[in-house]
Amino acid sequence: MASIQESLNRIADIDGAIGAALVDYQSGMTLGTIGGGGSIDMELAGASNTEIVRANKKVIDQLSLDESIEDILITLETQYHLIRVFHENDNVFTYVVLDREKSNLALARITLGEIDEALELK
């Protein structure tokens, strides 16, 4: 089992990781952040992405899909912004900013899945 800080540290070790936030999407409260490099306010970005998660969940409910969100990808010219909705920890998602030139999106997604399984919220 891993704590919030241990999970964030593991995310920071992903190749190309610029920053990350763990967020409770029900409240919009950021549970923890790491990185950002001064150019990205990870707490603000994480909390702001709560609306993206809520909107996607609402659409899935309205369409009566028997599905759950794994992740949401926003692709910018130089960055990937990856939102991973955790399944082992209800109402929690991680928001990760990756440098496109330095990161492997598939490996990042696998790592976030492993972090989801290990995260223990107290």
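Note that this is a predicted model, so its numbers are computed, not measured.

A. Seen up close, the environment of Asn91. Checked against the element boundaries, Asn91 lands in the loop between strand E4 (79-85) and strand E5 (92-99). Residues Asn91 and Gly28, spaced 63 residues apart in sequence, show a C-alpha to C-alpha distance of 9.7 Å. Aside from chain neighbours lying at most four places away, what touches Asn91 is Val23, Asp24, Tyr25 and Gln26.

B. Looking closely at helix H4 (residues 105-118). Between its first and last C-alpha atoms H4 spans 20 Å; for 14 residues at 1.5 Å apiece the expected length is 20 Å, and the two agree. Ala108, Thr111, Leu112, Gly113, Ile115 and Asp116 are the residues of H4 that are buried. Contact partners of the buried residues in H4: helix H1 (4-12), E4 and E5. Put simply, Asn104 is the residue that caps the front of H4, since its side-chain oxygen is 3.1 Å from the backbone nitrogen of Ala106.

C. View of the side chain of Asp116. Considering the arrangement of structural elements, one finds Asp116 in helix H4. For the buried Asp116, no salt bridge is present, and the opposite-charge side chain at shortest range is Arg84, 4.4 Å distant. Engagement of the side chain of Asp116 in a polar contact is seen with the backbone nitrogen of Glu88, the distance being 3.1 Å. Residues within four places of Asp116 in sequence aside, it is in contact with Arg84, Phe86, His87, Glu88 and Asn89.

D. A look at the pattern of salt bridges. Evaluation of the coordinates by the stated rule reveals four salt bridges. Of the charged contacts in the structure, one is a salt bridge between Arg109 and Asp71, with a shortest N-O distance of 2.5 Å. Taken together, the residues Arg109 in helix H4 and Asp71 in strand E3 (residues 71-75) connect sequence positions 38 residues apart. We classify Asp71 as partly exposed; its relative accessible area is 21%. A network of salt bridges, in which partner residues are shared, links Glu70, Asp71 and Arg109.

What counts as what
Residues numbered from 1 in each chain as written. Predicted model: local features only at pLDDT ≥ 70, side-chain atom pairs only at ≥ 80, totals over all residues. Heavy atoms only, no water. Helix = DSSP H or I, 4+ residues; strand = E, 2+ residues; numbered from the N terminus. Contact = heavy atoms within 4.5 Å. Expected span 1.5 Å × (residues − 1). Buried < 20%, exposed > 50% of the residue type's maximum accessible area, 1.4 Å probe, protein only. Polar contact = N/O pair within 3.5 Å; in protein donor to acceptor, adjacent residues only side chain to side chain. Lys, Arg positive; Asp, Glu negative; His and termini not counted. Salt bridge = Lys/Arg side-chain N within 4 Å of Asp/Glu carboxyl O.

Structural measurements only, silent on function.
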